[in-house]
Each structure stands twice: as structure tokens, then as C-alpha cells.
Amino acid sequence: AQRVTQPEKLLSVFKGAPVELKCNYSYSGSPELFWYVQYSRQRLQLLLRHISRESIKGFTADLNKGETSFHLKKPFAQEEDSAMYYCALRERGGSEKLVFGKGTKLTVNP
Amino acid sequence: EAQVTQNPRYLITVTGKKLTVTCSQNMNHEYMSWYRQDPGLGLRQIYYSMNVEVTDKGDVPEGYKVSRKEKRNFPLILESPSPNQTSLYFCASSLQGRSYNEQFFGPGTRLTVL
């Protein structure tokens, strides 16, 4: 069964510090992986997907198939990065169903 | 503006009083889905639809119904709401059949069942 684990419910860093939000997945096939973000009182929105290999708002995420991980990283956190972050997995070539992790609440302190 | 809309945004009701939460998208998306978001549990899929008249259960369908009579609309029906259905509900939509499709989410409906 597909499963996404985000081990940290809460993560707190200071402005300018590096941040890494962990995501591990369990899936036997070739997954499509995403990070979604939810800012306070806003809807969820796509932050990035692993196929794009680009940096969005300074965030990057690398798929490590050996470790089955898709950690989200940013070298210098900003206060506006404070939000709820969800890692999600989709079966490649399958339905559109996304399986979400339980989320990590990131707080960036001034 | 391309978007997913939900109504109402906030609802307080009592146990057993039937209610419907509407969801509409204007992007001609085939796929639509309902999630509930609970603290510590993340987002869990309730029902989804791959096209008109095609719906299926997600991970937590008990106590919910859906219908998809038109492509743009995907209402969520609670026939007899109970307090354990107090939650934040999100509707989402996406294109179907392409890799790495982005799901677009509605603003959420906060439901309280007393």
C-alpha cells in the first residue's frame, strides 16, 4: 500500500537558518511525488513536484529512491515560509489519487 | 479566474440534519475529489470522481455521499451528520491522465456538528 510519512509534526527554526522537512514514502512502483503548502487561512497549493527539478520560493526537493525519501529543503528560511507542508504521492500512470502525509507545521521565528 | 469554489465556507449544524456542501470548478477538469483535514491526521480522501457519473470511495467514505451529474460540480452530502464529522473539508480537481497533474484545491468548508 502507498504510504507517506512525515516524521515531524512541528518544526521551528530561526530566520536565515537552513530548513529541511522530511518525507519518506512506501510504494513498490515508480511514484510521482509532490509538496503542497498551506499558508494560514489559505487553501492548499502545489509547491513543487519532483519531476520539475526546479527551485520554488527557494525550496528544492530531491527524490532519493534508495532511501525512499523526498525531503524538502531551503538554505535560508524566511518568516513568510511559516506554513503547513504536506508531502504527497501519486501512483504513476494510475488514478489521480494523492496520498498525503500528515503534514509538518513549519514556524520561522524572527 | 480558474478556481475551485466551495459553499458554504462555514457551517454549524446539529446531529442528524442533512446538509450538502457544494463544490464547483471552472477548469473543465475530469477528476474531482473530497478530503477532510483533521489535526494530526492530515488530509484523508472521502470520495472521488473520474468523470461525470463515475464516483468511487476514498479512504474514509462512511457517512458521506457524492454525486457527479455535471462535470463542473461535485457536491458532498451528509445525510445524517454526526459530531465525528466535525472537520475542515476540501474539494479538489485536476486534469486526468497526465503525469504530475497538479490538484487545485477549494478554500475549505469548516463544518461543526453539535
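Quick look at the structure, then. What you see is a predicted model, and the numbers here were worked out from it, not measured in a lab.

Our focus in this paragraph is the state of the cysteines. By the definition in use, this model includes two disulfides over all chains. The disulfide partner of C23 of chain A is C87 of chain A, and the gap between their sulfur atoms is 2.0 Å. Of note, the bridge from C23 of chain A to C87 of chain A carries an S-S torsion of about -65 degrees and is left-handed in sense. Here C87 of chain A lies in strand β9 (residues 83-91) and C23 of chain A lies in the loop between β3 (19-21) and β4 (24-26), a separation of 64 residues in the sequence. In this structure, C23 of chain A and C87 of chain A share a single accessibility class: buried. Here C23 of chain B pairs with C91 of chain B through a disulfide, and the sulfurs are 1.8 Å apart. Handedness of the C23 of chain B-C91 of chain B disulfide follows from its S-S torsion of about -75 degrees: it is left-handed.

Another aspect to go through is the nonpolar core. One broad trend across soluble globular proteins is that nonpolar side chains are buried collectively. Of all hydrophobic cores here, the largest spans 26 residues; its most connected members are W35, L72 and Y85 of chain A. When contributions to this core are tallied by element, the ones reaching two or more residues are β2 (10-14), β3, β5 (31-38), β6 (45-49), β9 and β11 (104-109) of chain A. Here the element with the most residues in this core is β9 of chain A; it accounts for four residues. Residues within four places of Y85 of chain A in sequence aside, it is in contact with Q6, L21, W35, Y36, V37, L47, F59, L72, G103, T104 and L106 of chain A. Counting residues in hydrophobic clusters, the runner-up holds 19 residues, among them L19, M27, Y64 and Y89 of chain B.

Below, the discussion takes up the side chain of S49 of chain B. Residues and elements named next belong to chain B. Structurally, the position occupied by S49 is in strand β5 (residues 42-51). Given a relative accessible area of 0%, S49 falls into the buried group. Side chain to side chain, S49 and R68 meet in a polar contact 2.7 Å long. With residues near it in sequence (within four places) discarded, S49 still touches E30, Y31, M32, V54, T55, R68 and F74.

What follows is about the interface of chain B and chain A. Taken together, the contact between chain B and chain A spans 24 residues of the former and 21 residues of the latter. Counting each side, the surface lost to burial between chain B and chain A is near 2000 Å², with a carbon and sulfur contribution of 52%. When the area that chain B buries against chain A is broken down by residue, the three leading residues are L43, Y100 and F105 of chain B, summing to 36%. Applying the counting rule to chain B against chain A returns one salt bridge. Ionic pairing is found between K97 of chain A and D59 of chain B, a salt bridge with its closest N-O pair at 2.9 Å.

Attention now moves to the pattern of salt bridges. Residues and elements named next belong to chain B. Enumeration according to the criterion identifies nine salt bridges over all chains in this entry. The residue E79 makes a salt bridge to K18 at a minimum N-O spacing of 3.9 Å. Residue E79 is located in the loop between β8 (76-78) and β9 (87-94), and its partner K18 is located in the loop between β2 (10-13) and β3 (19-25); the two are separated by 61 residues in the primary sequence. With a relative accessible area of 36%, E79 lands in the partly exposed category. Here K65 ties to E79 by a salt bridge, and the two come within 2.9 Å at their closest N and O atoms.

Here is what the cut-offs are and how they apply
Residues numbered from 1 in each chain as written. Chains lettered and ligands numbered in written order. Predicted model: local features only at pLDDT ≥ 70, side-chain atom pairs only at ≥ 80, totals over all residues. Heavy atoms only, no water. Disulfide = S-S within 2.5 Å. Helix = DSSP H or I, 4+ residues; strand = E, 2+ residues; numbered from the N terminus. Buried < 20%, exposed > 50% of the residue type's maximum accessible area, 1.4 Å probe, protein only. Core = buried A, V, L, I, M, F, W, Y, C linked by side-chain atoms within 4.5 Å. Contact = heavy atoms within 4.5 Å. Polar contact = N/O pair within 3.5 Å; in protein donor to acceptor, adjacent residues only side chain to side chain. Buried area = accessible area lost by both parts, 1.4 Å probe. Salt bridge = Lys/Arg side-chain N within 4 Å of Asp/Glu carboxyl O.

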